[in-house]
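# Descriptive structure summary
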Amino acid sequence: MIYKENLKISSQGVIFTDKYGKKLTSTQASKKILARICNWYLDLKLFLVHLVSLHIPFYSIRKVVFTISGVKVGHGSTIHMGCKFFEPRGITIGEDSKIGENAFLDGRSQLTVGNHVDIASQVLIYNSEHNIEDHQFSATNEPVKIGDYVFIGPRVIILPGVEIGKGAIVAAGAVVTKNIPNFAIVGGVPAKIIGERGLKDLNYKLGRARLFQ
């Protein structure tokens, strides 16, 4: 489908325009058409992945679907029901890590989750955002990295470009906009350091997930 507002037929032939009405060359139009088709494919893939994530209560089945879609999941890690993605191919999860129910993982840039990471329910992790100073409101992408033994509380929001250090704790409801040092405890909007984790020699394992989660 080519939207009628982007396609005009005149005595000069077929003319393609962008969303601002600017005339496109045939090469530019071809690239945009290809990009639109790729976006449709991604939308369909995400629709199918999310059907499984939302409705299949067995992680062994969900993991197969997540892996096929491009998510890299380490040994012993679990993604609980209801998790949604944006571009699964950019997401890497280490070993023995847990992603809580109804989390959102953004893979438009690289998202790396370390080993033994506990991410609670309804956590939102973004690595793409709009540039509010850009005349076309275009998106900018920056990777997010979460170190080993991190705990992220419920309903935390992590924004693009953030790196969370080893052993850090993010309190429930925090909005993380800047890097977090190793073993720091942060909370608030925006998140600020409110303490430090006393235990530094971390070697615990999170273990198995519940059967129907």
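The preceding data block contains the structure.
Let me begin by describing the structure that accompanies this report. (Residues numbered from 1 in each chain as written. Predicted model: local features only at pLDDT ≥ 70, side-chain atom pairs only at ≥ 80, totals over all residues. Heavy atoms only, no water.)

## Brief notes about the sheet that holds strand β15 (residues 144–146)
What links the strands of a sheet is backbone hydrogen bonding, and the strands pair in either a parallel or an antiparallel sense. For clarity, the threshold we go by: When DSSP finds at least two bridges between two strands, those strands are taken to pair. Each helix is a run of H or I in the DSSP string that is no shorter than four residues. Each strand is a run of E no shorter than two, and both are numbered from the N terminus.
Strand order across the open sheet formed by 5 strands is β4-β7-β10-β15-β18, with parallel pairing between neighbours. The open sheet has two free edges, formed respectively by β4 (72–73) and β18 (163–164), since each of these has just one partner strand. Where β4 and strand β7 (residues 91–93) come together, 2 bridges link them in parallel fashion. Along β7, the bridge assignment pairs valine 73 with isoleucine 93.

## A few points about the environment of leucine 54
The criterion, for reference: Each residue's exposure class comes from its accessible area (1.4 Å probe, protein chains only) as a fraction of the maximum for that residue type: buried when under 20%, exposed when over 50%, partly exposed otherwise. It only takes one pair of heavy atoms within 4.5 Å for two residues to be counted as in contact.
Within the element layout of this structure, leucine 54 appears in helix α1 (residues 26–55). Judged by relative accessible area, which is 35%, leucine 54 ranks as partly exposed. In contact with leucine 54, not counting residues within four places along its chain, are Met81, Gly82 and Lys84.

## Structural notes on the sheet that holds strand β17 (residues 157–158)
In spatial order, the strands read β6-β9-β12-β17-β20; together these 5 strands make up an open sheet with parallel pairing. Taken across any chain shown, the strands that pair with only one partner, and hence form the sheet edges, are β6 (84–86) and β20 (175–176). Here strand β9 (residues 104–106) runs beside strand β12 (residues 124–125); their pairing, made up of 2 bridges, is parallel. Among the inter-strand pairings, leucine 105 is bridged to a residue of β12, identified as isoleucine 125.

## A word on a nonpolar patch on the surface
Rules: Here a patch means residues that are over 30% exposed by relative accessible area and free of salt bridges, tied together within 9 Å if like-charged and within 5 Å if nonpolar (Val, Leu, Ile, Met, Phe, Trp, Tyr). Per-residue accessibility takes into account occlusion by the displayed protein chains alone, with areas from the Shrake-Rupley method and a 1.4 Å probe. Within this document, salt bridges are pairs made up of a side-chain nitrogen of Lys or Arg and a carboxyl oxygen of Asp or Glu, the two lying within 4 Å of each other.
Together, Leu44, Phe47, Leu48 and Leu51 give the surface a local cluster of nonpolar side chains, amounting to about 380 Å² of exposed area. Examined against the element boundaries, phenylalanine 47 turns out to sit in helix α1. Among the residues examined, phenylalanine 47 registers a relative accessible area of 48% and is labelled partly exposed.

## Concerning the nonpolar core
Test applied: As used in this record, nonpolar core signifies buried Ala, Val, Leu, Ile, Met, Phe, Trp, Tyr and Cys residues forming a set joined through side-chain atoms within 4.5 Å.
Residues Ile79, Phe85, Ile146, Ile152, Ile158 and Ile164 are the most contacted members of the largest nonpolar core, which totals 36 residues. Contributing elements (two or more residues each) for this core: α1, α2 (59–69), β7, β10 (111–113), β15 and β21 (184–187). If you tally residues by element for this core, the top one is α1, at 3 residues. Not counting residues up to four positions away in its chain, the partners in contact with isoleucine 158 are Leu124, Ile125, Tyr126, Val144, Ile146, Ile152, Ile164 and Val176.

## Considerations on the environment of arginine 89
Where we set the bar: Distance and chemistry together define a polar contact, namely a pair of N or O atoms within 3.5 Å, with one atom able to donate a hydrogen and the other to accept it when in protein, and with adjacent residues in sequence counting only for side-chain atoms on both sides.
Of note, arginine 89 is situated in the loop between β6 and β7. Measuring from C-alpha to C-alpha, the distance between arginine 89 and serine 109 comes to 9.3 Å, with 20 residues separating the pair along the chain. Residues in contact with arginine 89, not counting those within four places in the same chain, are Lys45, Ser69, Gly70 and Lys72. Polar side-chain contacts of arginine 89 include one of 3.1 Å to the side chain of glutamate 87.

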